[in-house]
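# What the coordinates show
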Amino acid sequence: MSEVIVNINGKECKAKEGEYILNIARANDIFIPALCYLTNCSPTLACRLCLVEIDGKRAYSCNAKAKDGMNVITDNEEIQKERRAIMEIYDLNHPLECGVCDQSGECELQNYTLEMGVDSQSYCIKDVHRPARHWGRIHYDPSLCIVCERCVTVCKDMIGEAALKTVPRGGDLVDKELKDTTPKDAYAMWNKLQKSIIGIASGEESLDCTQCGECTAVCPVGALVGTNFQYKSNAWELKKIPASNPHSSDCSLLYYDVKHTSIKDSQEKIYRVNSDFNYAPLHAAARYGYDFENVVEKKDEIAFAKVIDALQTKVDTIKFNSFITNEEALILQKLKEKYGYKLVNEDAYAFGEFLNSFSQTSGTSLYNGDLKKVRDSNFVISFGTHLKNDSPNSGYALNNALAMNKGAGLYFHPLGDKVVQNYSKNITQISHKVGAEEAIAYLILDLFGKDLPLHVSEYLQTFHSTVKKTVKQEVKETIKEIVKKVVVDEESKEEKEIEEEVSKVVSKMVDKEIEVDQNALFQIAGLPEDFQEILEKYLDKKDTFSLIGGEDLYTHPRSQNIAKLLGLIQKHTDFSVLLIPSKTNTLGVSLICDLDAQGGKYTLGYNEKADITLSALGNGDLDMPALNQQEGTFTSMNKRVVPTNVALSFKGYCLNDIANALGLEAEFTIDYTKELPTDKGFEQKEFDSLENEFDNSGNENRGYSLHVKDTTSDEVVENIETVDVLDGDIIYLSNPVHQFSPFTNKAHQLNEAGALYVSTEFLEAKGLNAGDMVKIYNQNASLVVAIKLDQMLEGKIAYLPTFDTKLDVKQFFADGFRFASVSIEGAK
Amino acid sequence: MSLEQFKKRDATPGYIYFQAEEKPKNAWEAFKRVVRISIKGELFVGLWIVLREMITKGNSHTVQYPAEKLPIGPRYRAIHKLLRLLESENERCIGCGLCEKICIANCIRMDTRLDENGRKQITEYSINFGRCIFCGYCAEVCPELAIVHSGDYENASEQRAHYGLKEDMLTPLDTFRAKEQKEFPGFGALSENADSFVKKTPLAY
């Protein structure tokens, strides 16, 4: 898009053509009030406060698109009158409970009321009874609601669930006589306000969504608040600590709101998690899974000495997972270099190997996509990931692309997902067979590849065949007809019948035999019959493409070849490829640590069960700080090194203390930030120099981006190899939508017992009910577990979670692949 | 304008200058002054006044504290009280937290929660009187006239925390029912013409 110059209040502002005036103004530090607009979502036009004058005409800056040479005035007497009247009407019947309201001064209604100088009320209308609603973790008080519809907008355009909508309020109609005396926009806004209130889209009593809570974050008043936070604390008493989401690899910016626990207990406590909702949505685990800290009273010197002794004498392997910071990963790597410990980390090892193979064909050290690119694209493929559960933020980006760019998408996964289906009517879910991922990668190359290497295009050609197909075709034919006509003779005034020949175009359906190119990959990938037509429709006017790949691929028996195929996709198609690291810092660990496939005889576990265990969950031999008690950096899926800060203090030992006792020297863990390996793309930057914020124009000033390097590529890929077909019942290794690890499960708002999560279809087929106990077994293991119904799940594949440490589920998945075949029977 | 007022540099308007007698100029004059003052007997006038006050009965100016106490002004700012609503006996405090915020000694803290009726409940309220400077800001900012100062200035105790908890400050129910709860006319109280500042809001009922 071309660059234009827009003149706002006499200031020349550069912008892209078609950008909204409101966003341009914000990026240039010009204030335009707006209640209902959310960046990255479609304009709602509910509040009308963003009224401006463009070239002498009234317009709403939230949906006015920039054109070159536009003259915008954001404030004049007429606009001020409108805005004041609008705020007066918003204040109508608004309960005067600001003193106890949970918004406690962070209220946009309050801010704008003061900004517009509303000191008296000139309107009145009868109020309607609006009782409060309890929607699980979300509490809605309609009497405080100003129906700006931000919650509805964010749920639809960002989260993709469209769980909320406006419903009739049943209020009195605005007196028509006021039309002449009330400013025009204020009157229109009032009319709409009297008719609507927020309700649940499905019409149910309780909110049947994933309860991500983004609606509570965007609410400008105290109408939507987290149930847990209600009347707990005033916002101004809370200290905001910027951090990054510790539970999943989006590592979104979040703020821990911290205050002393109570009058009697001055220990700090996290009261809630806040976000910068205009730029970074949070998922449920980030928002509600904040109190997973490990509380210890003092340094346990005996346990520390025991661990040091073990490390010096017995330990030959350190096993850990990727819920650690980059700095800790570097400490472990340094210990390996010094003492030769083997480093075992399953998820980072698989991801690292996958990335290596990917680089071999792509020619770049890392993938080229990120969430912003997904949001900006208009054709997105999600492949090999249970998207909504594995990485909700990738799901939000996908939905945002579909909603905002009139995009289309394909979602390949053996497990059906109702939420993904709801994103848009332009997304097709393809529930393919387990193991077909390799064929799908080839299919994407076949459909979108340009200048493919010869051996690949030759191989792809083998799937194509020409078949004759009879299709009904519309044929236009000109036929001549003799029509009898009654004509009145002018002279004799007599009616006469004459015959006239008329030619006419008639369409006719005929059977025609045509030659069709048949692609055998369609069948292998399990595509629907009309896929070709769907794809053609989807690809119409599409120019930016994104592909999201996930954890199924890294643990796939054919993962190395799939990685190479994805490398080719990045190189030879228009797709930017985003690979979702399976855990928070999987990418960072895979870059920093030199990991081993196999462990040795005596293992020290860090947050993993082993012979001697360091644990931030509080169940090991030595307590470690949890991620909200540490400072350090994560490497996010956006290839960005982002800082996180200490929200709560930790009184025990941390990994750096152990490293120091073993001869490494650093006062703080963050002393290692500047030592992160530059040959892997990290920068030599001090931790304290890293920023963590978004600016007014939405630029992400968070840490720094990894440098992606060019590597040598060879473009050699293997042919499809059929994977053993899984028979019997199939289970999948995945966590339910708001769980990621034992840490999320430790948080009191998320805590639950692990179960086998199944769909309604599964229950019907097996004749079971939710809550029943079932026995799952295969040759490796057996487990008796309760079943829980996942309303969003479709299909017969059930999934087992990893967040519950009481369930040993890994044993079913011996070779690491996320799918396993088992038998499931009802147990008593 | 007249610059007259600027020219008068030696005095502030309204002051009256006392014209004392002239100082003695030499030793002879000083001697004469000593003799004059001695013979005049002014010394005995003073001695007599002291003697008279000493022997008059019931003429002590000493307040016999603690048996006797001086009255204090109604706006005196001593230890805080939490008042109750006149009609319902409930606590006036709504837990808005403004006192906690405005307190410049940072000595007020409160714990709130959602009670069973869906209202905000103040479970605990405390003022650290070791830190409080009795500035009166909390009483001034309170929108409900809930926290006020009282005249109780006697706060010696064996425990630092005494007087500072909610149960110490809240008007006891028996006192309240005996109608002994006093309003505080000092900081935070409404002015007599407060009504005249209120603008009327139209009503649709």
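Further up the page is the structure itself.
Residues numbered from 1 in each chain as written. Chains lettered and ligands numbered in written order. Predicted model: local features only at pLDDT ≥ 70, side-chain atom pairs only at ≥ 80, totals over all residues. Heavy atoms only, no water.

### Describing the pairing of strand β3 (residues 120-127) of chain B
Residues and elements named next belong to chain B. Here β3 lies mainly inside the structure; 6 of its 8 residues are buried. Two elements, strand β2 (residues 108-114) and β3, share 7 bridges in a ladder whose sense is antiparallel. Across the sheet, I108 pairs through a bridge with I127, a residue of β3. Between β2 and β3, which pair antiparallel in sequence order, lie 5 residues; one of them, G118, sits at a positive phi of approximately 75°. (Buried < 20%, exposed > 50% of the residue type's maximum accessible area, 1.4 Å probe, protein only. Helix = DSSP H or I, 4+ residues; strand = E, 2+ residues; numbered from the N terminus. Pairing = 2+ DSSP bridges.)

### A few points about the pattern of salt bridges
Following the criterion strictly, the structure yields 48 salt bridges over all chains and no others. Among the ionic pairs, K766 of chain A bridges to D729 of chain A, the shortest N-O distance being 2.8 Å. Here K766 of chain A, found in helix α24 (residues 760-766), pairs with D729 of chain A, found in strand β32 (residues 729-733); they are 37 residues apart in sequence, far enough to count as distant. Assessed through its relative accessible area of 31%, K766 of chain A is described here as partly exposed. With a shortest N-O distance of 3.3 Å, K69 of chain B and E154 of chain B are connected by a salt bridge. Of the two residues, K69 of chain B is situated in the loop between α3 (42-55) and β1 (80-82) and E154 of chain B in the loop between β4 (147-149) and α6 (166-169); the sequence distance between them amounts to 85 residues. Looking at K69 of chain B, the relative accessible area reads 49%, which means it is partly exposed. Shared partners join several salt bridges into a network, and the residues in it are R48, R58, E78, E82 and D185 of chain A. (Salt bridge = Lys/Arg side-chain N within 4 Å of Asp/Glu carboxyl O.)

### Brief notes about unusual backbone geometry
Residue and element names in this part refer to chain B. Residues Y65 and P66 are joined by a peptide bond in cis, for which omega reads 5°. When you line up the elements, P66 lands in the loop between α3 and β1. With a phi close to 55°, F134 is a non-glycine residue in the positive phi region. Among the structural elements, F134 can be located in the loop between β3 and α5 (137-141).

### With respect to the pairing of strand β13 (residues 268-274) of chain A
Residues and elements named next belong to chain A. For β13, a buried count of 5 out of 7 residues is recorded, marking the element as mostly surrounded by other parts of the structure. Here strand β12 (residues 253-260) pairs with β13 via 6 bridges, running antiparallel. If you follow D257 over to β13, its bridge partner there is R272.

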